[in-house]
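# Structural description and commentary
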Amino acid sequence: MMLIKIAWRNIWRNTSRSLTILIAIMIGLAAALMASAFSMGFVQQRFNNVIERFVSHIQIHNPEFVHDGEVYQYLDKPQKLLQSLSQIPEIKYFTERTKINGMIASAKVSAGVQITGIKPEAEQRLTDLKGWLTKGTYFEDVKRNPVYIGQELANKLKVDVGSRVVINFQDLDGDITAASFKVVGIFKTIELAFDEGTVFVRRSDLNSLLGDEALTHEIALILNDFNQTTTVKNQLQQQFPAYEVRSWENLSEELLMMQEMTTQSLIFLVFIILLGLGFGILNTMLMSVFERTRELGMLIAVGMSKMHVFRMIMLETLFLSFTGAITGMLSGFLLISWLGTKGINLAGLAGDSLAIYGYGNMIYPDLEPQFYFQTAIMVLLIAVLSALYPAFKALKLVPAEAVRKE
Amino acid sequence: MAVIETIGLTKIYNETIVPVKALHEVDLSFDQGEFTSIVGPSGSGKTTLLNMLGGLDKPSSGQILINRKDITTLKERQLTNFRLQHIGFVFQSYNLIPVLTAIENVSFIMLLQKHSRKKIDQRAREILEQVGLGDRLNARPSQLSGGQQQRVAVARALASRPDFVLADEPTANLDTQSAFNLLDIMEKLNREENITLIFSTHDQRVIERARRVITLVDGAVAGDEKRQQ
Ligand SMILES: Nc1ncnc2c1ncn2[C@@H]1O[C@H](COP(=O)(O)OP(=O)(O)OP(=O)(O)O)[C@@H](O)[C@H]1O
Ligand SMILES: [Mg+2]
């Protein structure tokens, strides 16, 4: 008890020195957490974008289509599946898609694209395709062969709303088919590669060109509760073993890995910063021990055991570190929470360049509780390590030397 | 009965490099309740002797018997505990823990000795009253004068009623008035509590007050004079 009191008060003897190291720890930690949260927000944003806009929660394919994506690798007899899907309560919406590869050509230029046949009404409920519209309409009030293309592609083809384009592809019999489409709408997502490589047409138009009205390559569905993904996925897979049921986790493994790797490298960054701060603490405490040679010698002389002295120095170091760490983590947390709801707008800073990499302009810093926890563990570790050396130094004191007048 | 006895006490510093003979064959004995002053020129070995008696340093040869127990054979940890239980110390300076109040400083040793809270508090108040600081219980050392600080140190040394108290030049940093004042208190406590008190000093005025004066010259006892007062 007494030791704790002495240790705590000892920290505040050299107020400016203690404050210096405290503020260093506080700012260092808050900044490290903030930088981490910013990076995580960056990754998370892309994550959400991809899942919400393009991937949906669960997708069902012909297992071979997953690898090759050929036109004939469609879902075999999907009627039963469709019926079940409409009966599973966890499922909010689902939609069928026809997905083939082909060429799109304007009068001047042609380009390879993925042609996705969608049911415009149903698709709208799953993805934000309509929301990305920048010009024209989203399949509204059009009679023959409308096509919805990305801004990048429009630029490349030098076409605009109202232009005619020709789309070439292989039909189910392996014959090359060509059809004329009219650009009705232009969209822009945050991922330029997507805008350049994907076009959307009505599934009914595409299917009649392909020669099978019911042709379906992909069924995408979203659930009422995102957290039900694995349960529903497993249930469907069990019920329909002939199909391949994949959740967003399978669909975007690359994203998960990216998130994981980002977390790892950020933890490492925080560790490096903490290591630096650890040396600061060590130095502060060493100075403090050397300054108190006489006093510590006196304490040992009058009967305080070296173990007590050791513990006292440890306590002082830990108090110092923890005071800094707690305030640092707290201010980091508050800053992150605040910016996490408010968001950071990078538009002025980066302009359009972020979109090239598939990022939006608004970043919402975010850190998992796990990250704080791991940081706290590292703080503890570093604090104990930086406490040991000064405390061992104090053990070396010889009381007879220490108490001699100079 | 002798509380402390030294037999052939010798201390040589730097035995391997440039040997300095600080104490040479010192045979002394101190009885219960004695009030002794160790005097002698600078470098004569006063501090060395007190450090040996207090178990702060090991002699090169010879024995130190405290209550017939040879402390020179004790291990460091046992020695620390021995100091805690049996010896009170007053140094020239740096006696007190700056972050603790007067009463906390006095209580500190008794806490280490694991006395009960209530007993500690009672005794700490009592002894601080006795050194005339009953009204400064909650003052920090920095708020006390040098003389008052030394009185707190004396109170701390005596609080747990040790077998004896060692004081190395306790008055060296004090003005005459404060020095006499401290001596009065030490003498009074020595008499009232019957605690053996040994202190070293340069100060002729202070020497007068001791009932026994041991003179050291070049690490050897050159005089041992008992006075009746
Ligand atoms: N750690 C040490 N190493 C080497 N020599 C030492 C050491 N400590 C003391 N000495 C020497 O031992 C001798 C006795 O010193 P000591 O401090 O005991 O004298 P003192 O009587 O207390 O002197 P003062 O009146 O100046 O305090 C001196 O010659 C001193 O230089
Ligand atoms: Mg001396």
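Refer to the preceding data block for the structure.
Let us look at the structure shown here. Predicted model, so just to flag it, every value in this text is computed and none were measured. (Residues numbered from 1 in each chain as written. Chains lettered and ligands numbered in written order. Predicted model: local features only at pLDDT ≥ 70, side-chain atom pairs only at ≥ 80, totals over all residues. Heavy atoms only, no water.)

## Structural notes on the overall build of chain B
This is how the line gets drawn: Here a helix means four or more residues in a row that DSSP labels H or I, a strand means two or more in a row labelled E, and each is numbered from the N terminus. We compute the radius of gyration from the C-alpha atoms alone; for a globule the expected value is 2.2 Å times N to the 0.38, where N is the number of residues. Any residue under 20% of the maximum accessible area for its type is buried, any over 50% is exposed, and the rest in between are partly exposed; the area is computed with a 1.4 Å probe on protein chains only. Two residues form a contact once any of their heavy atoms are found within 4.5 Å. Accessible areas in this description were obtained via Shrake-Rupley with a 1.4 Å probe; residue shielding takes into account the shown protein chains only. Only four residue types enter the tally: Lys and Arg on the positive side, Asp and Glu on the negative side; His and the chain ends are excluded. Think of each charge as sitting on NZ of Lys, CZ of Arg, CG of Asp or CD of Glu.
Counting its regular elements, chain B contains seven helices and ten strands. Taken over C-alpha atoms, the radius of gyration comes to 17 Å for chain B, in line with the 17 Å a tight globule of 229 residues would show. Each principal axis of the C-alpha atoms in chain B carries an extent, and together these give about 50 × 40 × 35 Å. Counting over 229 residues, chain B shows a buried share of 57%. For chain B, the proportion of contacts with a sequence separation of at least 24, taken over those separated by at least 6, is 68%. Surface accessibility of chain B: about 10000 Å² in total, with carbon and sulfur atoms responsible for 46%. Distance from the positive charge centre (28 side chains) to the negative charge centre (27 side chains) of chain B: 7 Å.

## Comments concerning the overall build of chain A
Counting its secondary structure elements, chain A contains 17 helices and twelve strands. A burial count over chain A gives 51% of its 406 residues as buried. Nonlocal contacts in chain A, meaning residues at least 24 apart in sequence, comprise 77% of its contacts between residues at least 6 apart. Carbon and sulfur atoms make up 59% of the accessible area of chain A, which amounts to about 19000 Å² in all. The averaged location of the 38 negative side-chain charges in chain A is 12 Å from the averaged location of its 36 positive side-chain charges.

## A look at the interface of chain A and chain B
Here is the rule: When two parts are brought into contact, each loses some accessible area as probed by a 1.4 Å sphere; the total of that loss over both is the buried area. For salt bridges, the criterion is a side-chain nitrogen of Lys or Arg within 4 Å of an Asp or Glu carboxyl oxygen. Each polar contact in these results corresponds to two N or O atoms within 3.5 Å; when the atoms are within protein, one needs to be able to donate a hydrogen and the other to accept it, and residues that are neighboring in sequence are counted only if both atoms are side-chain atoms. For this classification, the nonpolar set comprises Ala, Val, Leu, Ile, Met, Phe, Trp, Tyr, Cys and Pro, the charged set comprises Asp, Glu, Lys and Arg, and every other residue, Gly included, is treated as polar.
Of the residues lining the interface, 23 residues belong to chain A; the matching set on chain B comes to 31 residues. Across the chain A to chain B interface the summed buried area is about 2400 Å²; carbon plus sulfur atoms make up 64%. The interface formed by chain A and chain B includes three salt bridges. Across the pair Arg9 of chain A and Glu104 of chain B runs a salt bridge, and its minimum N-O distance is 2.9 Å. Between the two partners, chain A and chain B, sit six residue pairs in polar contact (both at pLDDT 80 or more). Every element with two or more residues in the side of chain A that touches chain B is listed here: helix H1 (2–11), helix H12 (293–301), helix H13 (306–342) and helix H17 (399–403) of chain A. A per-element tally of the side of chain A that touches chain B places H12 of chain A first, with six residues. Of the residues that constitute the side of chain A that touches chain B, the class distribution is eleven nonpolar, four polar and eight charged.

## Quick word on the pattern of salt bridges
This model, assessed by the stated rule, comprises 28 salt bridges over all chains. The salt bridge involving Glu291 of chain A is made with Arg17 of chain A; its shortest N-O contact spans 2.9 Å. Residue Glu291 of chain A is found in helix H11 (residues 253–291), and its partner Arg17 of chain A is found in helix H2 (residues 15–55); the two are separated by 274 residues along the sequence. With its nearest N and O atoms 3.8 Å apart, the salt bridge here joins Arg161 of chain B to Glu126 of chain B. In this pair, Arg161 of chain B sits in the loop between helix H5 (146–159) and strand E7 (164–168) while Glu126 of chain B sits in helix H4 (residues 117–130), placing the two residues 35 residues apart along the sequence. Glu126 of chain B gets classed as partly exposed once you look at its relative accessible area, which sits at 36%. Three or more residues are tied together by salt bridges with common partners; here these are Arg97, Lys99, Glu123 and Glu218 of chain A.

## As for the nonpolar core
Threshold: What we call a nonpolar core is a set of buried Ala, Val, Leu, Ile, Met, Phe, Trp, Tyr and Cys residues that are connected through their side-chain atoms within 4.5 Å.
Leu296 of chain A together with Leu49, Leu53 and Phe108 of chain B are the most contacted members of the largest nonpolar core, which has 89 residues in total. Membership of the second largest hydrophobic core comes to 40 residues, among which are Ile103, Ile120, Leu144 and Ala159 of chain B.

Geometric values such as these leave the question of function open.
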